[in-house]
Amino acid sequence: MVYEVLARKWRPQVFADVIGQEHVAQTLINAFKSDRLAHAYLFSGPRGVGKTSVARILAKAMNCKQGEPGIPCNRCPSCVEITQGSSVDVQEIDGASNRGIDEIRELRENIRYMPSSSAFRVYIIDEVHMLTLPAFNALLKTLEEPPPHVKFIFATTEPHKVPVTILSRCQKFDFKRIPLGMIVKHLERIALEEGIEITKTGLALIGREAEGSMRDAESLLDQVISYTGSKVEDRHITDILGIIDRSLIFDTSRALLDGSVPKCMQIVEQIYTYGYDLKEFYRDLMDQFRNLLVSLLAPDDALLDMIDSDREELKAQANQAGPEKLQHVLNLLIAREEN
């Protein structure tokens, strides 16, 4: 049996499964309930946050004949074909490799034909910003006067590269980076279902490295499991992914605040021995002192995207140091960054 990676196995199949983009999911569900579907949508946001997944769910909801409005059944032939990527009425196009005017002209010819078995022909164009200007101009006329049986869904990580003439003819949805807490909670669910033993601290390491991308987090978890098997230890995660352990960052900030030169030298030697990127470590250290200062000046937990144990340790160090000392160290780090 062919192994299915976690990012594909756990891809959301209905709007309720979409994590961190509730504002998008609820708006689209309401559009179905009020029968106010647009002819073109533009999904923009960072990589791995659900743009293509939501596009597929939207395409299924448009063509599903058995589910409720905005909720595809995932059992009818149309839903199954779209999920498997074999539907002739729902075409996924890579904008990076189909970026020329000839490909768009061919698309314009094809949209004249009615759907074979669905209500709509849906074209999902990923990384649409990669299209050439002539290709965008060729697409513009179709977006101005689209056939009633055709829907367009565009996805991009760089919306500023999409011409305003295209933007003005689409309903635009901005996808956000997924908060660390939501990523960790979802990874906990995956680990439980897959029978993987891993600590919450370990999941937080993976989630932090993913930088708000659920797909990256799932891929990193897959990579770690491939090495460790069903029992994952925190030290395995830092070794495999080559990331700096948070405890090392906390040790460094504590040593700096205490003025312990021997401890700082020991940490530098440890970083060099493990082969960590010193520039990346420096950036992490700057971020640490920024968080220390924020925890004092604005103790609102929403501004600190981290797990509870790290937040408590952060506040303890910050209260011990005081705002003046933290500001002094942060200013020093910023001033030395370019040197």
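That block above? That's the structure.
Reading the values: the criteria
Residues numbered from 1 in each chain as written. Predicted model: local features only at pLDDT ≥ 70, side-chain atom pairs only at ≥ 80, totals over all residues. Heavy atoms only, no water. Buried < 20%, exposed > 50% of the residue type's maximum accessible area, 1.4 Å probe, protein only. Helix = DSSP H or I, 4+ residues; strand = E, 2+ residues; numbered from the N terminus. Contact = heavy atoms within 4.5 Å. 1 Å grid on protein atoms, 1.4 Å probe; cavity = no way out; pocket = protein on both sides within 12 Å on 5 of 7 lines; lining within 4 Å. Points joined across faces, edges and corners; volume = space filled by probe spheres on them. Salt bridge = Lys/Arg side-chain N within 4 Å of Asp/Glu carboxyl O.

**Student:** Quick question: what am I supposed to make of helix α9 (residues 200-210) here?
**Tutor:** Three- or four-residue spacings in an α-helix give side chains the same orientation, since the helix completes a turn every 3.6 residues. Restricting attention to buried positions, one finds in α9 the residues Gly 202, Leu 203, Ala 204, Leu 205, Ile 206, Gly 207 and Ala 210. Against the buried residues of α9 lie α8 (180-194), α10 (214-228), α11 (234-241) and α12 (246-258). Glu 211 sits one or two residues past α9 and shows a positive phi near 55°.

**Student:** Is there a simple way to think about the layout of surface pockets in this case?
**Tutor:** A water-sized probe, rolled over the atoms, reveals where empty space remains. Taken as a whole, the largest pocket holds about 740 Å³ of empty space. What lines the largest pocket is a set of 25 residues, among which Arg 208, Glu 209, Glu 211, Asp 284 and Asp 287 lie closest to the centre. When residues of the lining of the largest pocket are traced back to their parent elements, those giving at least two are α8, α9, α12 and α14 (278-297). Counting residues per element, the lining of the largest pocket draws most heavily on α14, at six residues.

**Student:** Any chance you could explain the pattern of salt bridges here in plain terms?
**Tutor:** Opposite charge on two side chains allows them to pair when their charged atoms are near. Within this structure, the stated rule accounts for twelve salt bridges. Between Glu 144 and Arg 169 there is a salt bridge whose closest N-O contact spans 2.9 Å. On the criterion of sequence distance, the pair formed by Glu 144 in helix α6 (residues 133-144) and Arg 169 in the loop between α7 (164-167) and β5 (171-174) is long-range, its members being 25 residues apart. For Glu 144, a relative accessible area of 37% puts it in the partly exposed group. Exposure remark for Arg 169: the relative accessible area of 26% places this residue in the partly exposed category. Here the residues in one salt-bridge network are Asp 251, Arg 254 and Glu 313, joined through shared partners.

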